[in-house]
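Observations on the model geometry
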Amino acid sequence: MPNILTLLRATALAALAAASIQGAQAASISISCGALGRELELCREGVAAWSAKTGHEVRVVSTPHSATERLALYQQILAAGSSDIDVFQIDVVWPGILASQFIDLAPHVGQDEVAKHFPAIVENNTVGGKLVAMPWFTDAGVLYYRRDLLEKYGKQPPATWQALTETAREIQRAERAAGNERMQGFVFQGRAYEGLTCNALEWIASFGGGTIVGDDGKITVDNPRAAEALKLAASWVGDIAPQGVLNYDEEESRGVFQSGNAVFMRNWPYAWALAQAPDSAVKDKVGVVALPRGGEGGRHAAALGGWQLAVSKHSAHPEIAADLVRFLASEAEQKRRAIEGAYNPTIPALYKDEAVLAAVPFFGSLYETFTHAVARPSRVTGDRYNRVSADFHTAVHQVLSGRAEPRSALQGLERRLSRVSRGGRW
Ligand code: GLC
């Protein structure tokens, strides 16, 4: 047993070491973190742990909720060559757009550590042989449902979108008749932004209508199945979904669901931790399953999302910034974030971790959903992905708001994308 003197000596030595880091070479860096749900708080905690360990100071900069707005902000900062932000939290669809602005992390992180992560994400984050970003958390769309309400009305979680439509309509009607006039059948992300691209890709892929642009670069979006999917989705607005859904992002849908006013919600896993929080009106009343199939012949399709950490090439302290990235992407930190915030780890081993599974049971039951999520066509469209997504969600939004018919909207979209792609040569 170490005696008290040895302990005191060890503590004094540790304090001295920290002080000397601070005195000699303490740096000040900054990181941009998302602020959806508990994201910012969890980022601050992780960063504080690293600061305490290294003596470096970190400024945490929060960014807009909307991925679309966040990208625009990043592009401005990076195009100006600004060193204001050292570490960027970037979306899974951005490596191809922003690759030239970031350093290669491979030499900083080390082969063994990189190899712990899902190979597909590492590959996604590697552009022209350069590891542009470290995987931080992955994401996939899931269906939240009110277990108590489904039980009350003798319903099962829906296996198809058609079944969801019927169950939502029936429960919405009955609950409203019983005095809960604010009850909605289904809420999702219907605003014209990147979130709608994810939702609509799920509908279309689940009907067997493809992924907008195929892996070979061919534009596939103008097809009858895609039109059928959009037709059904448009029928929801003003029926099982409020008109306001046309302006909802993730947080707005969560607000409605978490206050007890929706039967079903499409969202990402982060909403689980908040739905289960002590102040949530739906605590212990929620189930999570895979998103429905597009009819009997369709498939379950969850959009692949997720966020990575990258170091700016304009950073004045790239090595220190890379060390922060390494710490935040580590197994211990991903485990903490999974348990506290339901952020999906990018390290497969954590999906077998008992504490993680106890906190978020569907990380186990929906493992396939997370490993087989459907990617947006960002790989093949490269730095033109943002145009593709913007054209896509604009067209879908027109259909949802009744300003265009699915077929003509998709035809127009295909023509526009063909111009963006210069005839399929991305
Ligand atoms: C989530 C996903 C991200 C996606 C965004 C859209 O944050 O992780 O990949 O782009 O939602 O709103």
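Residues numbered from 1 in each chain as written. Predicted model: local features only at pLDDT ≥ 70, side-chain atom pairs only at ≥ 80, totals over all residues. Heavy atoms only, no water.

Things to note about the domain arrangement of the protein
Put simply, the test is: Those domain boundaries reflect an automatic or database domain assignment. For this analysis, residues touch if any pair of their heavy atoms sits within 4.5 Å. A quick way to say it: buried area is the sum, across both parts, of accessible area lost when two parts are put together, with a 1.4 Å probe. A side-chain nitrogen of Lys or Arg and a carboxyl oxygen of Asp or Glu constitute a salt bridge if their distance falls within 4 Å.
Taken domain by domain, the protein consists of domain 1 (27-139 + 305-363) and domain 2 (142-303 + 375-420). Domain 1 puts 28 residues into the contact, and the matching count from domain 2 is 22 residues. Summing both partners gives a buried area of about 2,000 Å² for domain 1 against domain 2, and 64% of it is carried by carbon and sulfur. Put simply, domain 1 and domain 2 have one salt bridge between them.

Concerning the packing of helix α11 (residues 224-236) against helix α21 (residues 406-420)
Note the cut-off: Axis lines are fitted through C-alpha atoms, for helices just across the contact stretch, and the angle between N-to-C directions can take any value from 0 to 180 degrees. Per the convention used, a helix needs a DSSP run of H or I reaching at least four residues, while a strand needs a run of E reaching at least two, with both numbered from the N terminus. For classification purposes, angles smaller than 35 degrees are called roughly parallel, those larger than 145 roughly antiparallel, those between 65 and 115 roughly perpendicular, and all remaining angles oblique. Here a crossing is called left-handed whenever its near helix is offset anticlockwise from the far helix by less than a right angle, and right-handed whenever the offset is clockwise. Under this grouping Gly is polar, as are all residues other than the nonpolar Ala, Val, Leu, Ile, Met, Phe, Trp, Tyr, Cys and Pro and the charged Asp, Glu, Lys and Arg.
The geometry of α11 relative to α21 is characterised by a closest axis approach of 9 Å and an angle of 125° between their N-to-C directions. Comparing their axes, α21 and α11 come out oblique. In this structure, α11 crosses over α21, and the sense of that crossing is right-handed. Here α11 contributes Pro224, Ala226, Ala227, Leu230 and Lys231 to the contact with α21, which in turn contributes Pro406, Arg407 and Leu410. Per-class residue counts for the contact of α11 with α21 are six nonpolar, no polar and two charged.

Regarding the nonpolar core
We apply this condition: The definition of a nonpolar core used throughout is a set of buried Ala, Val, Leu, Ile, Met, Phe, Trp, Tyr and Cys residues joined through side-chain atoms within 4.5 Å. Burial classification: accessible surface area is computed with a 1.4 Å probe over protein chains only, and a residue below 20% of its type maximum counts as buried, one above 50% as exposed, and the rest as partly exposed.
Ile31, Trp94, Trp203 and Trp236 are the most contacted members of the largest nonpolar core, which has 140 residues in total. The contact partners of Ile31, leaving out residues within four places of it in the chain, are Cys43, Val47, Val58, Arg59, Val60, Val61, Ile85, Val87, Leu309, Leu324 and Leu328.

Some details on the sheet that holds strand β1 (residues 28-33)
Put simply, the test is: Two strands are counted as paired when DSSP detects at least two bridges linking them.
Taken together, the five strands give an open sheet; going across it, the order is β2-β1-β3-β11-β6, and neighbouring strands pair in mixed fashion. Unpaired on one side and paired on the other, β2 (57-62) and β6 (134-140) mark the two borders of the sheet. Taken over all neighbouring pairs, the strand axes of this sheet differ in orientation by 20° on average, direction set aside. Against the sheet, helix α14 (residues 318-328) makes contact with β1, β2, β3 (87-91), β6 and β11 (304-311), and its axis sits at roughly 145° relative to β11, the strand it touches most.

Focus on the site of the ligand
Quick note on the threshold: Proximity is defined per residue: any heavy atom of the residue falling within 4 Å of a molecule or strand makes that residue near it. Under the rule applied, a polar contact is a pair of N or O atoms within 3.5 Å (in protein, one hydrogen donor and one hydrogen acceptor; residues adjacent in sequence only if both atoms are side-chain atoms). Computed by Shrake-Rupley with a 1.4 Å probe, the accessible areas treat only the displayed protein chains as cover when residues are assessed.
If you check the shell around the ligand, you find Asp91, Val92, Asp139, Tyr193, Glu194, Gly195, Glu250, Trp268, Gly305, Gly306, Trp307 and Arg376 and nothing else. Between the ligand and Asp139 there is a distance of 2.5 Å, counted from an oxygen atom to a side-chain nitrogen or oxygen. Measuring from an oxygen atom of the ligand, one finds a backbone N or O atom of Gly306 at 2.9 Å. When the free accessible area of the ligand is taken as 310 Å², the share hidden by the protein chains comes to 95%. Where the shell around the ligand is concerned, the elements lending two or more residues are α10 (194-206) and β11. Here the shell around the ligand takes three residues from β11, the largest share from any one element. The residue makeup of the shell around the ligand, split by class, is four nonpolar, three polar and five charged. Residue contributions to the shell around the ligand reach at least three from each of two domains, namely domain 1 (27-139 + 305-363) and domain 2 (142-303 + 375-420).

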